[in-house]
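# Structural features, examined
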Protein chains: 6
Amino acid sequence: MSTASNRLTRALSLLDDLEPGAPQRVKANLDTFHADTAELVLGYAFADVVGRDGIDLKTREMMTVAMLAAMGTAQGQLEFHMRAAMNTGVNREEIVEIVLQVSVYAGVPACMNAITAAKKAFEAAEKG
Amino acid sequence: MSTASNRLTRALSLLDDLEPGAPQRVKANLDTFHADTAELVLGYAFADVVGRDGIDLKTREMMTVAMLAAMGTAQGQLEFHMRAAMNTGVNREEIVEIVLQVSVYAGVPACMNAITAAKKAFEAAEKG
Amino acid sequence: MSTASNRLTRALSLLDDLEPGAPQRVKANLDTFHADTAELVLGYAFADVVGRDGIDLKTREMMTVAMLAAMGTAQGQLEFHMRAAMNTGVNREEIVEIVLQVSVYAGVPACMNAITAAKKAFEAAEKG
Amino acid sequence: MSTASNRLTRALSLLDDLEPGAPQRVKANLDTFHADTAELVLGYAFADVVGRDGIDLKTREMMTVAMLAAMGTAQGQLEFHMRAAMNTGVNREEIVEIVLQVSVYAGVPACMNAITAAKKAFEAAEKG
Amino acid sequence: MSTASNRLTRALSLLDDLEPGAPQRVKANLDTFHADTAELVLGYAFADVVGRDGIDLKTREMMTVAMLAAMGTAQGQLEFHMRAAMNTGVNREEIVEIVLQVSVYAGVPACMNAITAAKKAFEAAEKG
Amino acid sequence: MSTASNRLTRALSLLDDLEPGAPQRVKANLDTFHADTAELVLGYAFADVVGRDGIDLKTREMMTVAMLAAMGTAQGQLEFHMRAAMNTGVNREEIVEIVLQVSVYAGVPACMNAITAAKKAFEAAEKG
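Bear in mind that the values here come from a model prediction, so they are computed numbers and not experimental data.

All right, on to the relation of the copies chain D and chain A then. When chain D is fitted onto chain A, the two copies agree to an RMSD of 0.0 Å after a turn of 120° and an axial shift of 0.0 Å. Viewed as a symmetry operation, the transformation between the two copies matches a three-fold axis. Among all C-alpha atoms of chain D, that of Thr73(D) lies closest to the rotation axis, at 3.5 Å. Here only 6% of the interface residues in chain D have copies in chain A that are interface residues too; the copies meet through unlike faces.

Here it is in structure tokens:
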């Protein structure tokens, strides 16, 4: 197996930890765009960076949720990472605290949009 | 003592945990702007929100650093929170990981600016 | 009545000035997220800050519309504040001028998104 | 014919190069907002600036797509300019390269949103 | 005199209302970049848009200050428009209120950067 | 030679095309931060993405300049890429056109900051 495909395999494995079943959906979406994208972009994001040691995956997802909520430019991915955060062990109380902290650093509208995303993740978690 | 001043007292106490000596400097800066600002803004940020239970201060600072680096609009405060993160127990390896993760969610220029801020915090930590 | 609930009461009262009926809807939305959020976030936004003297509510809403349109990260709240601006006395001509001014400071796409929000507010105002 | 209407005429002509049929739709949308907007905003964007010599229209659209994707605040207009880019001669391979480059300078979420927009433009191009 | 130079003349006249002496400085800066820029960019900003009727210049400057502070990407121009706001009749109390309102919609770091800019404008106003 | 070091070698080679001498300076800066960063971040940016075929380097730099100017969060890197653009064949007239186009999509303040960066690049080019 080539280095490139190992990198993609590791990326998809981490993505499966974030949301079981996501790798197939995300890879299919990227493959219909262009053949190299999954290896390149997911490989960088998840194999090269997020999969590194030094910070546990739960804490990394807390930071990712905080960043996406603060930036306010990727609501769909914020919803995904709200679910992923809960899948990696972030509980409801912690989601609430992240969302409130967003209001301090990025303002109340960013916080309100994060609340909308969080409520969807709570519902998804309840459905199991 | 009034509720308002209690709120400010609690905010300044947390700010002192972030960087010893910061409360005097920050409060003096705000007081020369307007009398209500320290109580209002620091009170909201640190007493109402960041001082809440549910997430420990070290993890909160990791998220704050990530958010400020991702937003890219407050380099001075990013430098402050890099130092504050280290003061609350974030080590150099963790700072490196946060900064690399910023490149995934906010791009390489945001990561590069965060590296500049991190290196200043490393130097400050070495000087003690 | 506690200070906290007074703060929330004042916040909801101002929110009712922005859009009659909004307090119930907004508070219910926040309460299903977490019990403290309405008091904390609305309290800061509307009781602590926007409800202050020094600038009248109409002018404050003009600035809020301009900020949300320029930031471009909260289209739903931009629509709300377009309606709120009109409810506090901003007329159609003034909305047009704000939207054009956004094009200067934040670019034409931000202006175009603000036009979309403004047209919805105009329609809502006509239905009355 | 007045200078003003010449400016609008030139703007609408360029807009027709970006997407045949767009001038009528865009102008009608703006005219229901306010009578001056089309001349003012489209006139500035397309007659005063984008219609200038010095860079060909295809390269200008590549930059516009890159900017809108990097800013992440105008997904609808990003979709329009993805189509416009292809209408001015940008091919699928080039769209892919722009989108990947966005990931470097604005992060992976911005890239993912650009992929969504690009796929819609690819579909539109296939339908002809 | 051509239409174009009339447009620039009107733009520079408004710029002089924002800060006496600014037209010469700003125009010289732009002219060393490229001959068309002053007419094109200042003409659009000040003659085409900000100079329009419908909202008085003082209120327009309040919105400009709010937008620039909320966006957080042009600290130098925020400082200019803080001074311009005061030159068009915005008083210190109003500046304080704008800055606090920024914290609600764009977060505390944006507010803190606006305080820095405001304090420079206060000092400039005291020096006369 | 390992795959990783090949990736870094290719990245530094492209960086040398952007600005002769930059690889040593940039790599030294990153190495004092953390040993993996140059390979990881420069490798992704320049070997994995910007070094790809499909769009020539000159056009890529035009897009990078446009993106950085529009985002407005990395003035130092905007200055670098203004110089890099000129080093890869973008002439002064084209820089002017990019900067004016930024005003349409990101507003006049972003354009003004880009003018400041461009003028520094023009001066550097004159010094040779």
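Turning to the packing of aromatic side chains, a few remarks are in order. Within this structure, the stated rule accounts for nine aromatic pairs over all chains. Centroid distance Phe33(B) to Phe122(E): 5.9 Å. Interplanar angle 5°. Geometry classified as stacked. Residue Phe33(B) is found in the loop between helix H2 (22–31) and helix H3 (37–50), and its partner Phe122(E) is found in helix H7 (residues 108–127); the two belong to separate chains. Since its relative accessible area comes to 4%, Phe33(B) is described here as buried. A relative accessible area of 3% means that Phe122(E) is categorised as buried. Over the ring of Phe122(C) we find Arg92(C), and its NZ or CZ is 4.0 Å from the ring centre.

So, on to the relation of the copies chain C and chain E. Rotating chain C by 180° about the axis while translating it 0.0 Å along that axis superimposes it on chain E, leaving an RMSD of 0.0 Å. Taken together, the turn and the small shift mark the pair as related by a two-fold rotation axis. Comparing contact sets, 100% of the residues at the interface of chain C also lie at the interface in chain E, consistent with an isologous, same-surface contact.

Time to look at helix H7 (residues 108–127) of chain A. With 20 residues, H7(A) ought to run about 28 Å at 1.5 Å a step, and its terminal C-alpha atoms sit 29 Å apart, in line with that. Immediately beyond the C-terminal end of H7(A), within one or two residues, lies Gly128(A), with a positive phi of roughly 75°.

Right, let's talk about the side chain of Arg52(A) for a bit. Relative to the helices and strands, Arg52(A) resides in the loop between helix H3 (37–50) and helix H4 (57–71). We classify Arg52(A) as buried; its relative accessible area is 18%. A polar atom in the side chain of Arg52(A) sits 3.1 Å from the side chain of Asp36(F). Ignoring any residue separated from it by four or fewer positions in sequence, one finds Arg52(A) in contact with Arg60(A), Glu97(B), Leu100(B), His34(F), Asp36(F) and Leu40(F).

On to the environment of Ala38(F), then. Residue and element names in this part refer to chain F. Mapping Ala38 onto the fold places it in helix H3 (residues 37–50). Sequence separation of Ala38 and Ala125 is 87 residues, and the distance between their C-alpha atoms is 27 Å. Apart from the residues lying within four places of it in its own chain, the contact partners of Ala38 are Leu8, Lys27, Leu30, Asp31 and Gly43.

Attention now moves to the UniProt feature "domain: Carboxymuconolactone decarboxylase-like" (unreviewed entry) in chain A. Mapped onto this numbering, the UniProt entry annotates "domain: Carboxymuconolactone decarboxylase-like" (unreviewed entry) at residues 36–119 of chain A. Split by type, residues 36–119 of chain A is 82% helix and 0% strand. Its first and last C-alpha atoms lie 35 Å apart.

On to the interface of chain C and chain E, then. Counting residues at the interface gives 31 residues for chain C and 31 residues for chain E. Where chain C abuts chain E, roughly 2900 Å² becomes buried across the two surfaces, and 68% of that area is made up of carbon and sulfur atoms. Contact with chain E buries surface across chain C, with Met67(C), Gln101(C) and Tyr105(C) losing the most and accounting together for 26% of the total. Linking chain C with chain E are four salt bridges. The salt bridge involving Glu97(E) is made with Arg60(C); its shortest N-O contact spans 2.7 Å. Linking chain C with chain E are 10 residue pairs in polar contact (both at pLDDT 80 or more).

What follows covers the interface of chain D and chain A. Taken together, the contact between chain D and chain A spans 16 residues of the former and 14 residues of the latter. Summed over both partners, the interface of chain D with chain A comes to about 1300 Å²; 72% of that surface belongs to carbon and sulfur atoms. It is Leu100(D), Met112(D) and Lys119(D) in chain D that bury the most area against chain A; as a group they hold 35% of the surface buried on that side. One can count zero salt bridges joining chain D with chain A.

Turning to the environment of Tyr44(C), a few remarks are in order. Looking at where Tyr44(C) falls in the secondary structure, it is placed in helix H3 (residues 37–50). A C-alpha to C-alpha distance of 8.1 Å links Tyr44(C) and Ala11(C), two positions 33 residues apart in sequence. Residues within four places of Tyr44(C) in sequence aside, it is in contact with Arg7(B), Leu40(B), Val41(B), Tyr44(B), Arg7(C), Glu39(C), Val49(C), Ser103(E) and Val104(E).

Residue and element names in this part refer to chain A. Partitioning chain A into domains gives domain 1 (3–50) and domain 2 (57–127). For domain 1 versus domain 2, the separation of C-alpha centres amounts to 22 Å. Facing the 10 residues of domain 1 at the interface are nine residues of domain 2. Between domain 1 and domain 2, roughly 720 Å² of surface is buried when both sides are summed, and carbon and sulfur atoms account for 61% of that area. Considering only the surface of domain 1 that becomes buried against domain 2, Leu18, Glu19 and Val50 emerge as the three largest contributors, covering 66% of it. Of the charged contacts in the structure, one is a salt bridge between Arg83 and Glu19, with a shortest N-O distance of 2.5 Å. Linking domain 1 with domain 2 are three residue pairs in polar contact (both at pLDDT 80 or more). At the level of secondary structure, the elements contributing two or more residues to the side of domain 1 that touches domain 2 comprise helix H1 (3–18), helix H2 (22–31) and H3. Looking at which element gives the most residues to the side of domain 1 that touches domain 2, the answer is H1, with four residues. Tallied by class, the residues present in the side of domain 1 that touches domain 2 amount to seven nonpolar, no polar and three charged.

Reading the values: the criteria
Residues numbered from 1 in each chain as written. Chains lettered and ligands numbered in written order. Predicted model: local features only at pLDDT ≥ 70, side-chain atom pairs only at ≥ 80, totals over all residues. Heavy atoms only, no water. Least-squares fit on C-alpha atoms with pLDDT ≥ 70 in both. Contact = heavy atoms within 4.5 Å. Phe/Tyr/Trp six-rings, centres within 6.5 Å; stacked < 30°, edge-to-face > 60°. Helix = DSSP H or I, 4+ residues; strand = E, 2+ residues; numbered from the N terminus. Buried < 20%, exposed > 50% of the residue type's maximum accessible area, 1.4 Å probe, protein only. Lys NZ or Arg CZ within 6 Å of the ring centre and 35° of its normal. Expected span 1.5 Å × (residues − 1). Polar contact = N/O pair within 3.5 Å; in protein donor to acceptor, adjacent residues only side chain to side chain. UniProt positions renumbered as here; feature names shortened; annotations may be inferred. Buried area = accessible area lost by both parts, 1.4 Å probe. Salt bridge = Lys/Arg side-chain N within 4 Å of Asp/Glu carboxyl O. Domains from an automatic or database assignment. Nonpolar A, V, L, I, M, F, W, Y, C, P; charged D, E, K, R; others polar.

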